[in-house]
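# Overview (structure and organization)
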Amino acid sequence: MQKNIAMLNLRREYEYMKPQIDAAIERCLGHQRWIGGAELKEFEKRVAEYLGVRHALGVSSGTDALVIALRALALKREDKEYFTPGDEVLTTPFTFSATGEAILRSGATPVFVDVDERTFNIRADLIEDYIETHPEPEKIKGTVVVHLFGQAAPMGEVMDVARRYGLFVVEDTAQAFGGEWKGKKLGTLGDAGCYSFFPSKNLGGFGDGGMVVSNDEGLADYMRILANHGGRDKYMVELLGYNARLDTVQAAVLGVRLAYLDEFNERRRRIASLYNRGLEEVEGIITPVEVEEAFHVYHQYTLRVTNGRRDGLREWLKERGVATMVYYPTPLSRMKLFEDRAKTHRGLETAETLSREVISLPVEPLQEDEETTHIVDSIKEFMGPVEP
Ligand SMILES: *Cc1c(COP(=O)(O)O)cnc(C)c1O
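What counts and how
Residues numbered from 1 in each chain as written. Predicted model: local features only at pLDDT ≥ 70, side-chain atom pairs only at ≥ 80, totals over all residues. Heavy atoms only, no water. Core = buried A, V, L, I, M, F, W, Y, C linked by side-chain atoms within 4.5 Å. Buried < 20%, exposed > 50% of the residue type's maximum accessible area, 1.4 Å probe, protein only. Helix = DSSP H or I, 4+ residues; strand = E, 2+ residues; numbered from the N terminus. Contact = heavy atoms within 4.5 Å. 1 Å grid on protein atoms, 1.4 Å probe; cavity = no way out; pocket = protein on both sides within 12 Å on 5 of 7 lines; lining within 4 Å. Points joined across faces, edges and corners; volume = space filled by probe spheres on them. Nonpolar A, V, L, I, M, F, W, Y, C, P; charged D, E, K, R; others polar. Phe/Tyr/Trp six-rings, centres within 6.5 Å; stacked < 30°, edge-to-face > 60°. Lys NZ or Arg CZ within 6 Å of the ring centre and 35° of its normal. Polar contact = N/O pair within 3.5 Å; in protein donor to acceptor, adjacent residues only side chain to side chain. Near = heavy atom within 4 Å. Areas by Shrake-Rupley, 256 points an atom, 1.4 Å probe, with all protein chains shown as cover. Sits in = over half its atoms within 2 Å of the grid points. Domains from an automatic or database assignment. Buried area = accessible area lost by both parts, 1.4 Å probe. Salt bridge = Lys/Arg side-chain N within 4 Å of Asp/Glu carboxyl O. Pairing = 2+ DSSP bridges. Axes fitted to C-alpha atoms, helices over the stretch in contact; angles between N-to-C directions.

### Considerations on the nonpolar core
In terms of nonpolar packing, the biggest core is built from 30 residues, with Leu70, Val170, Val212 and Met223 touching the most fellow members. Put simply, the parts of the chain that give this core at least two residues each are strand S1 (55-59), helix H4 (62-78), helix H5 (98-105), strand S5 (168-172), strand S8 (192-196) and helix H8 (217-227). Other than its neighbours up to four places away in sequence, valine 170 contacts Leu66, Ala69, Leu70, Leu73, Thr143, Val144, Val145, Ala192 and Cys194. The next biggest cluster of nonpolar side chains, apart from the first, holds 26 residues, and it includes Val113, Ile131, Val158 and Val161.

Set out below in structure tokens:
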């Protein structure tokens, strides 16, 4: 039988929880409180409890979550609505473009720092190296770290460097809802955590949505104001803000999906372990490394193909009914948007190498073992026999 294995199967996930989702949407249809309804308050409260954080604010997307967090930090730390031109924020070039875009929107200049080839995440030693060799280190305001593919950035070292040099830390947790660092939920370790509920994320809604969280009351206050047109009072605004709220109906759907999150993250981890077991020994493939301190939630399962046959492998899998993706084919530093607007620290060789080698395989939480096995077998067939 011809296989058809997609990266995700959102219909299958919907069917799995259909009665609850339908009921949640029905309730919204009943009360018609589309903005700021009870489901939103309830969802924010449950997320705050789940993450173990004091303040959680639903917003319109993960990108807006990042922009709002960064601008709230400019307000709180610099007493400015935007960062001053020339202020710098360090981040990874190996991420979705929105990470860098949000830094630009906050008025700061993104500075790209290379990543660790094992974890694909930012290197804290290079952050420190950048600061140490900077002629005007006071321009460096903070860092946006990304917990890429569901695995924690090196939060121990990052927080240590940040503390020593007085930098803020924003956690782009768009791909790692429920992931952990030493038992603490990602997004709650730095000054602010930003999440995306884009439908393909590991906690996804039925449209765009996001969340910002913080333990800092003053920061959370600024975030709430910025997401609501820039005012505490709707008819007396203070700041240049946004209409960037999370819809009631999205919160209702996400509330149902949140109850399945731990189960789905475990299912993702199980699929990852099947892939690891099947592919560990295959010549030319490097399976993803799990850092000891991290609880990896495998938003993506991403291999490195080190023998130059990555694109051939994708084609081969496609012919066998298996979808794959390349996250990410281009480091941010090479995108036109950032050409004249960002800086680069030393070379970004690892990000460049990874962009040529990575391939992400389907990790649909409800994927059958037989589907995972078909993918493993197809990869082995292409890559050739395992060395004895
Ligand atoms: C998806 C994503 C975003 C943006 O989230 P949206 O909800 O699509 O705006 C930001 N950063 C990373 C790392 C992402 O994966």
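### Quick notes on the layout of surface pockets
Taken as a whole, the largest pocket spans an internal volume of roughly 450 Å³. At the level of secondary structure, the elements contributing two or more residues to the lining of the largest pocket comprise H4, H5 and S8. When grouped by side-chain class, the residues that make up the lining of the largest pocket number eleven nonpolar, eleven polar and three charged.

### Details of the packing of aromatic side chains
In total, this model carries 17 aromatic pairs according to the counting rule given. These aromatic residues form a ring-pair network of at least three members: Phe43, Tyr50, Phe177, Tyr195 and Phe197. One cation-aromatic arrangement involves arginine 71 over tyrosine 82; the distance from NZ or CZ to the ring centre is 3.9 Å. Positioned above the aromatic ring of tryptophan 316, the side-chain terminus of arginine 320 is 3.4 Å from the ring centre.

### Overview of the environment of glutamate 349
Mapped onto the elements of the fold, glutamate 349 is located in helix H11 (residues 349-357). The exposed category is assigned to glutamate 349, whose relative accessible area is 54%. Between the C-alpha atoms of glutamate 349 and tyrosine 242, which are 107 residues apart in sequence, the distance is 37 Å.

### Some remarks on the side chain of asparagine 265
Position of asparagine 265 relative to the elements: it lies in helix H9 (residues 248-279). A polar contact of 3.1 Å, which involves the side chain of asparagine 265, links it to the backbone oxygen of phenylalanine 177. A polar side-chain atom of asparagine 265 sits 3.0 Å from a polar atom in the side chain of asparagine 202. With near-sequence residues (within four places) excluded, asparagine 265 lies in contact with Phe177, Gly178, Asn202 and Val297.

### Re the site of the ligand
As a matter of local geometry, the ligand sits amid 15 residues, with Gly62, Thr63, Asp172, Ser196 and Lys201 nearest to it. At 2.5 Å, a side-chain N or O of threonine 63 approaches an oxygen atom of the ligand. The contact in question runs from an oxygen atom of the ligand to an N or O atom on the side chain of serine 196, over 2.6 Å. Considered on its own, the ligand offers 380 Å² of accessible surface; in the complex 93% of this is hidden by protein. Here the ligand is seated within the largest pocket. Elements that contribute at least two residues to the shell around the ligand include exactly H4 and H5. Classifying every residue of the shell around the ligand by side-chain character gives five nonpolar, eight polar and two charged.

### A closer look at the domain arrangement of the chain
Taken domain by domain, the chain comprises domain 1 (10-258) and domain 2 (261-383). One C-alpha centre belongs to domain 1, the other to domain 2, and the line joining them spans 24 Å. Each partner contributes to the interface: domain 1 provides 52 residues, whereas domain 2 provides 48 residues. For the pairing of domain 1 and domain 2, the buried interface totals around 4,300 Å² over both sides, and the portion due to carbon and sulfur atoms is 62%. Considering only the side of domain 1, the residues that lose the most area to domain 2 are Arg12, Phe112 and Phe149, jointly responsible for 17% of the buried surface there. Here domain 1 and domain 2 share four salt bridges between them.

### Things to note about empty space enclosed by the protein
Applying the stated criterion across every chain yields a total of three cavities of 30 Å³ or more. Reported here for the largest cavity is a volume of approximately 70 Å³. Residue lining of the largest cavity: Arg118, Thr119, Phe120, Leu148, Phe149, Gln151, Pro288, Val289, His296, Tyr298, Gln300 and Thr302, and that is the complete set. Per-class residue counts for the lining of the largest cavity are six nonpolar, five polar and one charged.

### Observations concerning the sheet that holds S8
What the eight strands build is an open sheet, ordered S1-S9-S8-S5-S4-S2-S3-S13; its pairing is mixed. On the outer flanks of this sheet lie S1 and strand S13 (343-344), each paired with one strand and no other. Relative to strand S3 (residues 109-112), strand S2 (residues 88-91) runs parallel, the two sharing four bridges. If you follow threonine 91 over to S3, its bridge partner there is phenylalanine 112. The strands touched by H4 within the sheet are S1, strand S4 (140-146), S5, S8 and strand S9 (210-214), with S5 carrying the most contacts at an inclination of about 170°.

### Things to note about the sheet that holds strand S7 (residues 184-185)
Judged by pairing direction, the sheet is antiparallel, and its three strands sit side by side in the order S7-S6-S11 without closing on themselves. One side of each edge strand has no neighbouring strand; the edge strands of this open sheet are S7 and strand S11 (294-295).

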